[in-house]
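# Structural characterization, general
Chain by chain, the residues:
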Amino acid sequence: MDDGTRITAVGISADGGRVLTCTHPWATRFNRFARDLSPHPPALWDAVTGRRLVTLDEAYLFQIERRSFSPDGTQVVTATRGNDAVVWDCIGGHRLKTLRGHEAYVTSAQFSPDGIRIVTVSADQTVGVWDAAQGTLIARIVWQQKTKVGSNPHVVSVGFSPDSTRLVTGSR
């Protein structure tokens, strides 16, 4: 799986059939040998053959989440360069659903363990919970925290409980 791109994060589908890779420019910018510091779009690869299946040109990943893939491995969810998240078909890379509703860029998106929901985290200090089948917003959590003057708190990570009934968030 080497096309000359510096891969800084990788995830594998639960069925072991697909690999998602991304390059985060911040992770390579301090490497004095790095020549290309521009972000590269994430790519989906066949885990057995190592062949690139598709490049997700509209996607932008800060990181790859543990559950970026749907439980059956047929779909993957990513942030975009805008304020949305997108659910992609893992075979052809087709856009299946666009999750719109955040007022700032999405930093994290992932499926619940049961695949019924998707959760997104945004720099607008909200967490969105979406119906994975329909792509509709079913809950919005507004994160509010008293902070020192000049700080910029926001949720940076989120995770589902193993039974998909609860969420936990992490912030800075």
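In what follows, the structure referred to is the one given above.
Remember, it's a predicted structure, so these values are computed and weren't measured experimentally.

### Here's the deal with the sheet that holds strand 5 (residues 75-79)
Each strand in a sheet pairs with its neighbour through backbone hydrogen bonds, running either in the same direction (parallel) or in the opposite one (antiparallel). Spatial ordering of the open sheet is given by 5-6-7, a layout of three strands whose pairing is antiparallel. The strands lining the two open edges of the sheet, one partner per strand, are strand 5 and strand 7 (95-99). Taken pair by pair, the neighbouring strands of this sheet meet at an average axis angle of 20°, ignoring direction. Bridging between strand 5 and strand 6 (residues 85-89) involves five bridges; their strand directions are antiparallel. Bridging from a neighbouring strand, Thr78 pairs with Val86 of strand 6.

### Regarding the pattern of salt bridges
Counting across every chain of the model gives two salt bridges. Salt-bridge contacts for Asp84 lead to Arg100; the nearest nitrogen and oxygen are separated by 3.5 Å. Of this pair, Asp84 sits in the loop between strand 5 and strand 6 while Arg100 is found in the loop between strand 7 and strand 8 (106-111), placing the two residues 16 residues apart along the sequence. Asp84 sits in the buried class, given a relative accessible area of 18%.

### Here we look at the pairing of strand 2 (residues 18-23)
Among the six residues that make up strand 2, six are buried, leaving the element largely enclosed by the rest of the structure. Of the two faces of strand 2, the one lined by Arg18, Leu20 and Cys22 and the one lined by Val19, Thr21 and Thr23 are each fully buried. The pairing of strand 1 (residues 9-12) with strand 2 spans four bridges and is classified as antiparallel. Its bridge partner being in strand 2, Ala9 is matched across the sheet by Cys22. In this structure, the hairpin formed by strand 1 and strand 2 is closed by a connection of five residues, where Gly16 is found at a positive phi of approximately 75°. Relative to strand 3 (residues 40-46), strand 2 is paired through five bridges, and the arrangement is antiparallel. For Arg18, the partnering residue across the bridge sits in strand 3 and is Asp46.

The rules we used
- Within each chain, residue numbers correspond to sequence positions counted from 1 in written order.
- Given that this is a predicted model, residues contribute local features only at a pLDDT of at least 70 and side-chain atom pairs are listed and counted only at 80 or more, while totals for whole chains, interfaces and linings are drawn from all residues.
- In computing side-chain values, all of the structure's heavy atoms are included and hydrogens and water are not.
- For two strands to count as paired, DSSP must find a minimum of two bridges between them.
- Secondary structure follows DSSP: runs of H or I at least 4 residues long count as helices, runs of E at least 2 residues long count as strands, and numbering of each begins at the N terminus.
- Helix axes use the C-alpha atoms of the stretch in contact, all axes being lines fitted to C-alpha atoms, and the angles between their N-to-C directions lie in the range 0 to 180 degrees.
- By convention in these notes, a salt bridge is any Lys or Arg side-chain nitrogen within 4 Å of a carboxyl oxygen on Asp or Glu.
- The cut-offs for exposure are 20% and 50% of the maximum accessible area for each residue type, with area from a 1.4 Å probe on protein chains only; residues under the lower value are buried, those over the upper are exposed, and the others partly exposed.

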